[in-house]
Amino acid sequence: MSAKLLQVKNLRTSFFTDAGEVKAVNGLSFDLEKGKVLGIVGESGSGKSVTAYSILRILPETGKIIGGEILLDGEDITKYSKKEMREIRGCRIGIIFQDPMTSLNPVYTIGSQITEAILLHTDRTRAQAAARAVEMLALVGVNEPARRVKQYPHELSGGMRQRVMIAMALSCEPDILIADEPTTALDVTIQAQILELMQELQKKLGMAIIMITHDLGVIADMCDEIVVMYGGRICERGSADDIFYNPRHEYTKGLLHSIPSAAKLDEKLVPIGGSPIDMLNMPKGCPFFARCDRAMKICLDEPPEEIEINPGHFASCWVNVQQMLDDEKAAGGAEEAGQ
């Protein structure tokens, strides 16, 4: 099998509402290799979560994948039946949702919910599944797991519920774990604990992770590759070093400037100007055009081409294209002057 466990190619997902078509994901492409961590970053409405729900085929009724491919081990799962997708979810691809309180069923115990997930995707007996539930809770750091399995979600803290969600997602040992804003509802201390736990489990189990967040700072030390999204498109993608130390899209730069730093407490945060894009009225060109200080006329009229800045580092920005043309022109002029 290919080292590329998951390949998303030109994915397009839309929501069809009374007001019109919302192009939530518009031509998204990325690869995920075995054992690697991919971060997808962007503000609310950028298409991050819709990408995850498209991969798992759990879109609401108004949502539909209208183009592209999602290849799992080379097979396009967009063509799978509902029954085939049920076998994929939980077994091959697990997910941790944003809010564990609304994701866990309040009328069933923690143990019964983890047990049912194991029974659904494995051939274990109920007794074996119950033992596995206790084992998984211990693995994710839940104290007194044998007692916790008998408790209900409301009896646990937010951080503990998130650990339960991780235990449930990992109970069938999936190849890919999708974490959709897994630390949003938690305080900073618990956030750090959850991220550290996910890193430990990723290394121990060798699974691949897609980490979805609006905060670049959350995934700075965790990801092998980062994808920055805006308006349903990829603005920039590359390694963590590329994104943090050599950002080449104006939106990426804006996100980085808005991250608070303990080393620069006297500096004011710089918000990204303008208003979020209206997804019902997408511009012909770059989605970030109206909020970009360096926008040019071509940015309004034509979608930017994705160009490779350095090996493995890509950006979709006309400013970079113009910069490359200027550099080539300057190099040509210097060569002529030297002759």
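Structure's up top.
Residues numbered from 1 in each chain as written. Predicted model: local features only at pLDDT ≥ 70, side-chain atom pairs only at ≥ 80, totals over all residues. Heavy atoms only, no water.

> Can you lay out the environment of Pro-174 for me, pointing to particular residues and giving the numbers?
Along the chain, Pro-174 turns up in the loop between helix 7 (158–170) and strand 7 (176–180). For the pair formed by Pro-174 and Thr-13, sequence separation is 161 residues and the distance between their alpha carbons is 25 Å. Those residues in contact with Pro-174, other than ones at most four positions away along the chain, are Gly-90, Cys-91, Arg-92, Ile-93, Gly-94, Ala-169 and Met-207. (Helix = DSSP H or I, 4+ residues; strand = E, 2+ residues; numbered from the N terminus. Contact = heavy atoms within 4.5 Å.)

> Can you explain the layout of surface pockets? Please cite residues and give values.
As a volume, the largest pocket reaches approximately 600 Å³. Gly-90, Ala-117, Leu-120, His-121 and Met-168 are, among the 24 residues lining the largest pocket, the residues nearest its centre. For the lining of the largest pocket, the secondary structure elements donating two or more residues are strand 6 (93–96), helix 4 (110–121) and helix 7. The element best represented in the lining of the largest pocket is helix 4, accounting for six residues. Here the lining of the largest pocket is composed, by residue class, of 13 nonpolar, eight polar and three charged. (1 Å grid on protein atoms, 1.4 Å probe; cavity = no way out; pocket = protein on both sides within 12 Å on 5 of 7 lines; lining within 4 Å. Points joined across faces, edges and corners; volume = space filled by probe spheres on them. Nonpolar A, V, L, I, M, F, W, Y, C, P; charged D, E, K, R; others polar.)

> Requested: an account of the state of the cysteines, with residues and values cited.
Summed over the entire model, instances satisfying the criterion amount to zero disulfides. This cysteine, Cys-91, is not joined by any disulfide, and Cys-172 carries the nearest cysteine sulfur, 6.2 Å off. Of the residues examined, Cys-91 reaches a relative accessible area of 26% and is grouped as partly exposed. Unpaired in terms of disulfides, Cys-286 finds its nearest cysteine sulfur in Cys-299, a separation of 6.1 Å. The buried category is assigned to Cys-286, whose relative accessible area is 11%. (Disulfide = S-S within 2.5 Å. Buried < 20%, exposed > 50% of the residue type's maximum accessible area, 1.4 Å probe, protein only.)

> Any chance you could break down the packing of helix 4 against helix 7 for me, citing the residues and the numbers?
Where helix 4 contacts helix 7, the axes come no closer than 9 Å and their chain directions differ by 20°. Overall, the two elements helix 4 and helix 7 adopt an arrangement that is roughly parallel. Every pair of crossing elements has a handedness; the one defined by helix 4 and helix 7 is right-handed. Contacts between helix 4 and helix 7 involve Ile-110, Gln-113, Ile-114 and Ala-117 on the former and, on the latter, Val-164, Ala-167 and Met-168. (Axes fitted to C-alpha atoms, helices over the stretch in contact; angles between N-to-C directions. Parallel < 35°, antiparallel > 145°, perpendicular 65-115°, else oblique. Left-handed = near helix turned anticlockwise from the far one by under 90°.)

> Tell me what's going on with the pairing of strand 10 (residues 233–238), and back it up with residues and numbers.
Here strand 10 lies mainly inside the structure; five of its six residues are buried. Sheet topology places strand 9 (residues 225–230) next to strand 10; five bridges connect them, and they run antiparallel. Paired with Tyr-230 across the two strands is Arg-233, which belongs to strand 10. Between strand 9 and strand 10, which follow one another and run antiparallel, lie two residues, and Gly-231 among them has a positive phi close to 60°. The pairing of strand 10 with strand 12 (residues 313–316) spans two bridges and is classified as antiparallel. Counterpart to Glu-236 in the pairing with strand 12 is Ala-315. (Pairing = 2+ DSSP bridges.)

> Explain the sheet that holds strand 1 (residues 4–17) to me, and be specific about the residues and the numbers.
Pairing is antiparallel in the open sheet, where four strands are placed in the order 2-1-4-5. Looking at the sheet topology across the chains shown, the edges are occupied by strand 2 (20–33) and strand 5 (75–76). As judged from the eight bridges shared by strand 1 and strand 4 (residues 63–72), these two strands associate in the antiparallel manner. What sits directly across from Gln-7, in strand 4, is Leu-71.

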